[in-house]
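The primary structure of each chain is shown beneath.
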Amino acid sequence: MATRHQKTLARLMVAPSVLLLLGWMIVPLAMTLWFSFQSYNLLSPGMEQFIGWTNYKYFLSDPAFWTAMRNTLLLVGGVLVITVGGGILLALLLDQPMFGQGIVRILVIAPFFIMPTVSALVWKNMFMNPVNGLFAWIAKAIGAQPIDFLAQYPLLSVVLIVAWQWLPFATLILLTALQSLDSEQMEAAEMDGAGAFAKFTHLILPHLSRAITVVILIETIFLLSVFAEILVTTNGGPGYASTNLTYLVYSQALLQYDVGGASAGGIVAVILANIVAVFLMRMIGKTLE
Amino acid sequence: MARKISDTRRWGFTILAWGVALLIFFPILWTILTSFKSEADAIASPPKFLFFDWTTENYAEVQSRSPYFRHFLNSVIISVGSTLLGLLIAIPAAWSMAFQPAKRTKDLLMWMLSTKMMPAAGVLIPMYLLFRNWGLLDTRFGITVVLMLINLPIITWMLYTYFREIPSEILEAARMDGASLKNEILHVLTPMAVPGIASTLLLNVILAWNEAFWTLNLTTSQAAPLTTFIASYSSPEGLFYAKLSAASTMAIAPILILGWFSQKQLVRGLTFGAVK
Amino acid sequence: MGSITLQQVRKSFGDVEVIPGVDLEINDGEFVVFVGPSGCGKSTLLRLIAGLEDVTSGRVVIDGQDMTQAPPSRRKLAMVFQSYALYPHMSVRKNIAFPLKMAGMAADEQERRVQHAAGILNLTDYLDRRPGQLSGGQRQRVAIGRAIVREPSAFLFDEPLSNLDAALRVNMRVEISELHKKLATTMVYVTHDQVEAMTMADKIVVLRAGRVEQVGSPLELYRSPANRFVAGFIGSPNMNFIEGEAAAAMGAHAIGVRPEHFAMSTTGGQFAGTVGVAEHLGSDTFLHIELDGGIPIVARAAGEFPVGHGDRIWLTPQDGRVYRFDQQGLAL
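Not measured: the values here are computed from a predicted model. (Residues numbered from 1 in each chain as written. Chains lettered and ligands numbered in written order. Predicted model: local features only at pLDDT ≥ 70, side-chain atom pairs only at ≥ 80, totals over all residues.)

(A) Examining the overall build of chain B more closely. Helix and strand counts for chain B stand at twelve helices and zero strands. Shown N-terminal to C-terminal, the secondary structure of chain B runs as helices and strands in the order α-α-α-α-α-α-α-α-α-α-α-α. In terms of overall size, chain B is more extended than a compact globule, its C-alpha atoms giving a radius of gyration of 23 Å where 276 residues would be expected to give roughly 19 Å. In terms of overall dimensions, chain B has a C-alpha envelope of 75 × 70 × 35 Å along the principal axes. (Helix = DSSP H or I, 4+ residues; strand = E, 2+ residues; numbered from the N terminus. Rg over C-alpha atoms; globule rule 2.2 N^0.38 Å.)

(B) Region of the structure containing the interface of chain B and chain A. With 84 residues of chain B in contact, the opposing surface of chain A contributes 87 residues. Contributions of two or more residues to the side of chain B that touches chain A are made by α1 (7-34), α4 (68-99), α5 (105-116), α6 (120-134), α7 (140-164), α9 (181-210), α11 (226-231) and α12 (241-270) of chain B. The leading source of residues in the side of chain B that touches chain A is α1 of chain B, at 16 residues. In terms of residue class, the side of chain B that touches chain A is built from 64 nonpolar, 18 polar and two charged. (Contact = placed C-beta atoms within 7 Å. Nonpolar A, V, L, I, M, F, W, Y, C, P; charged D, E, K, R; others polar.)

(C) Here's a closer look at the domain arrangement of chain B. Residue and element names in this part refer to chain B. Assigned domains within chain B: domain 1 (7-55) and domain 2 (66-270). On a C-alpha basis, the centres of domain 1 and domain 2 stand 33 Å from each other. Ranked by residues supplied to the side of domain 1 that touches domain 2, first place goes to α1 with three residues. Residues that form the side of domain 1 that touches domain 2 fall into these classes: three nonpolar, four polar and two charged. (Domains from an automatic or database assignment.)

(D) Highlighting the interface of chain B and chain C. In this assembly, 15 residues from chain B lie in contact with 18 residues from chain C. Where the side of chain B that touches chain C is concerned, the elements lending two or more residues are α8 (168-176) and α9 of chain B. The element contributing the most residues to the side of chain B that touches chain C is α8 of chain B, with six residues. Broken down by class, the residue content of the side of chain B that touches chain C amounts to eight nonpolar, three polar and four charged.

(E) Just the sheet that holds strand β16 (residues 296-302) of chain C, in detail. Residue and element names in this part refer to chain C. The antiparallel open sheet is built from five strands, whose spatial order is β13-β17-β14-β15-β16. The sheet is open, and its two borders are formed by β13 (262-265) and β16, each paired with just one other strand. The average undirected angle you get between the axes of adjacent strands in this sheet is 45°. Taken together, the four bridges between strand β14 (residues 271-280) and strand β17 (residues 312-317) define a ladder with antiparallel strand orientation. Bridge pairing links G273 to I313 in β17. (Pairing = 2+ DSSP bridges. Axes fitted to C-alpha atoms, helices over the stretch in contact; angles between N-to-C directions.)

(F) Layout of the pairing of strand β9 (residues 203-208) of chain C. Residues and elements named next belong to chain C. Where strand β3 (residues 31-35) meets β9, four bridges bridge the pair, whose relative direction is parallel. The residue bridging V32 from the neighbouring strand is K203, located in β9. In this sheet, strand β10 (residues 211-216) lies alongside β9 in antiparallel orientation, the contact comprising five bridges. Note on β10: the bridge partner recorded for V206 is Q214. Between β9 and β10, which pair antiparallel and follow one another directly, the connecting turn spans two residues, one of which, A209, has a positive phi of 50°.

Printed below as a string of C-alpha cells:
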C-alpha cells in the first residue's frame with residue numbers, strides 16, 4: 001500500500017541490482033551454452049566452428065565424466081550424512097546443561113570460518129601426511145602401518161576435510177532450531193509418559209525436520225561446487241579418483257584449454273544444480289508467506 | 001523451568017561437550033601451536049604439544065620473505081570492497097522491496113536467490129575469457145566485482161529480512177510528523193536498520209574473505225588474496241610446517257574473531273531467514 | 001482550524017474497489033468516529049485523509065484547501081497509530097519532539113512544548129526512557145504526546161485502544177475525551193468498537209463495505225437507525241430481530257427490538273419463551289431466551305430479576321420502541 005510517487009521510486013531502487021544480476025546470470029550462461037556447441041580450443045585460436053552436440057557426446061561418453069559424476073554424488077552424500085547426523089548429535093549435546101556453554105559453542109563453530117585453502121593444507125600436511133602427519137604418528141604409536149590418506153583414500157579424505165568445515169554449520173542451525181522447541185510441549189510429553197527416545201522421535205525430530213531440510217539443501221548447493229579443497233590436496237587425482245564435476249570442468253578448460261568440452265560439462269553442472277535448486281526455492285518460498 | 005539439575009549430570013555433559021568441542025577445534029589449535037615452533041619441532045616425532053621452544057620467528061619470516069602483507073591487504077580490500085559495493089546496490093533494493101512490496105516482489109527475491117545457485121563451473125569459462133580479454137585477470141577491481149555479484153543475492157536477502165521487521169507504521173508516523181523522505185531515511189530508517197546492516201556486512205565480509213573458487217581462478221599474484229597465497233604453499237617447495245602454520249594463522253585469525261562476533265546472525269543470514 | 005471535507009472520494013487497490021465513493025463533512029472541533037466491522041474500509045478512509053494512501057478519484061479538502069495531492073507532511077494532521085509507531089531508538093523526549101524538530105523549531109521552544117505535553121499526559125518522569133521500557137498505556141500516551149505538541153489542525157486516531165487491556169481501555173477512553181474537551185481540536189477516530197463510538201463521538205460515521213451507512217450523533221443513531229445494519233451494530237447487546245408472522249402482522253419484513261426495550265413477565269405477554277442462560281449482574285439481568293418459534297432473543301431487565309434456566313417467560317416490547325424494516329433492510 002503506497003502512493004504512486006513512492007512506487008516509481010521503489011522500481012528505480014530495485015533496478016540496479018536486478019539489472020546487474022540479470023547480466024551476471026544471462027551473459028556468461030549464454031556464452032557457455034554457445035561455446036558448448038563449438039569446437040573451441042585455446043591452443044588453436046581462430047579454428048572455432050559449430051559442431052552441434054559433439055562436445056556433449058564426447059563429454060558424456062568420457063569415463064572421466066562418469067567418475068566425476070560418481071565422485072560428486074559421493075562427496076555431497078558423504079558430507080551430508082556426516083554433517084547432518086553429527087550435527088543432530090552435537091546440537092542435542094550442546095543443548096544440555098553444562099559449564100562454559102558459550103566457549104564450547106565458539107570452539108565448535110570455529111571450523112566454519114576457516115578459509116578452504118587453509119583447512120585443506122592443514123589437513124593434508126599436518127594430519128594426513130604419511131611421514132610427518134599426526135595420523136601417521138598415531139598409527140606408528142599403536143604399531144600400525146601409517147596410511148597415505150590422499151593417495152590411498154583420496155575421495156574419503158576430501159569428504160572428511162569438507163565435512164569438518166560444514167559440521168559447524170549444520171550444528172549451529174540445528175541447535176538454533178532445537179532451542180526454539182517449546183519447553184511446555186516437552187513437559188506435556190513427559191506428563192504423557194514419553195521417555196527420552198520417544199521424545200526424540202516424536203517431538204524433537206519432527207520439530208527439526210524443517211531445519212534439517214534447509215541444511216541439506218543449502219549444503220548441497222555449496223557442496224556441488226567444492227573446488228579449493230580438491231585443488232590443494234589431490235589435484236583431482238590419483239587419476240580421476242577425487243575429481244568432481246566442478247574440478248573436471250576447471251581442468252578441461254584451464255589445464256587442457258578445451259573450452260568447448262568444458263562448456264558442455266558446465267551446462268551439465270548447471271542442470272544438476274537446478275534440480276536441487278527447485279527444491280530449495282520451494283522451501284525458502286514458504287518462509288515468505 | 002525451575003527444575004534442579006543434578007551436579008553429576010551437569011558435569012558429565014560438561015566433560016563430554018568440552019571433549020568433543022576440543023576435538024573439533026583441535027586442527028585449528030594445532031595450527032596455531034605449530035606456528036610458534038621451530039621447523040624441527042614442527043615435524044618432531046613424537047609431536048610436541050606445549051613443551052617446545054616458543055618462537056615468533058615464523059611470523060617474522062613469512063612477512064619478510066613473501067609479500068604476505070600485500071595479500072593480506074588484497075583480502076581486506078576485496079572482501080570489504082565487494083561487501084560495501086554490494087550494500088550500496090542492495091540497500092535501496094531491499095528497502096523498497098520491504099516497504100513497497102509489489103505483486104512480483106516475492107518472485108523477484110526468489111529469482112535473485114536462484115542466481116546464487118548457479119554452479120560456478122557453468123560460468124567459469126566465459127568469465128575467464130571475458131576477464132582475459134578485458135585485462136581484468138589478476139586485478140583487484142575485477143575480483144571485487146565478481147565477489148560483489150555472487151554475494152549480492154545474499155546481501156539483498158539478509159537486508160530484506162531485517163528491513164521487513166521494521167514496522168511500516170513507524171515510517172508512516174515519520175511522514176505524518178512532517179519528515180521529508182531524506183529525514184525519514186536519516187532519522188528513522190537508518191538508526192533502526194543499522195544493526196541489520198552491520199550483521200549483513202559482517203557475514204558477507206566473512207564469506208568474501210573465504211571465497212576460494214573465483215579468487216583461485218581469477219587471481220594469480222598481484223591481486224591475489226590470502227586464499228590464493230595460501231594455496232601456493234601446496235607446492236612441495238613450500239612445505240615448511242611452521243611457516244605454513246604462521247601464514248595460516250594470520251590468514252584465519254581476523255575472520256575467526258569476526259565470525260565469533262557474528263555467530264548469532266549467522267544462522268538467519270545463511271538460511272535466508274528460514275531458521276531463526 | 002480543522003474542517004475536513006471529502007468529496008466523492010474513491011479508492012481501489014488494483015481491481016478491488018475498497019471505497020466506492022464517500023462524501024463527508026467534518027466540522028472544526030468535532031469528534032468524529034468512523035465505526036464498522038473489520039474490513040469495512042474505515043482505516044483506509046482515515047489513511048486517505050492522512051495522505052498515506054493516494055485517492056483514486058475525488059477530493060480531500062482540509063481547512064478549505066484542496067490537499068488531495070499533498071504529501072502527509074504538508075497536511076498539518078497528526079496521527080496516533082494502532083501500534084503507536086514510536087521510534088524505538090529515541091527517548092520519550094525525542095519521540096515527542098520529533099515533529100517539532102522536523103518543523104525546524106528552536107530547541108528551547110521544543111523543550112517547552114515537550115514539557116507541557118508531558119505534563120498534560122503524566123509523562124514527566126519518563127522523558128528519558130526508551131519506548132521499550134514503558135507499559136502499553138504509557139506508550140499510548142507518548143504517541144498522543146507526539147501528536148499534540150505540534151498543534152495540528154486535526155488528530156487522526158487509528159484504533160488506538162485496541163492493544164490495551166479492558167480496564168486501561170476505559171481509562172484512556174475518558175482521557176482522550178477529556179483531551180478533546182481541553183484542546184477543542186478536530187479529532188477523527190477509527191474503531192470497530194461501538195462502545196467507544198457511542199461514548200466518545202460528537203458524530204458517528206457507520207461504514208460497511210466502504211459505504212457510509214449513516215451519519216449522526218450517537219443518540220440519533222440509537223434512536224432512529226436508517227437500516228437494519230446500523231440498528232444491529234449500534235447498541236449493546238445487539239438489537240433482536242424477529243422475522244415472519246409477528247413482523248408481517250406489523251406490516252414489515254422484520255422487526256427489531258433492543259434488549260432493554262422489553263417488558264418482562266413470568267405470567268403473560270406478547271411473546272412466550274423459555275430462559276436458557278440468565279446472567280445476574282446485580283445492576284442488570286441479561287436473559288438469553290428462546291421464543292417458542294425457536295427465535296433466540298436477548299433481553300435486559302434493570303436490577304435483579306429472579307428467573308433461571310428453564311423458566312417460562314413472556315416478553316412485551318415497549319411502545320414506540322419497535323423498529324420495522326423492509327425486505328432490503330431499510331427502516332420503515
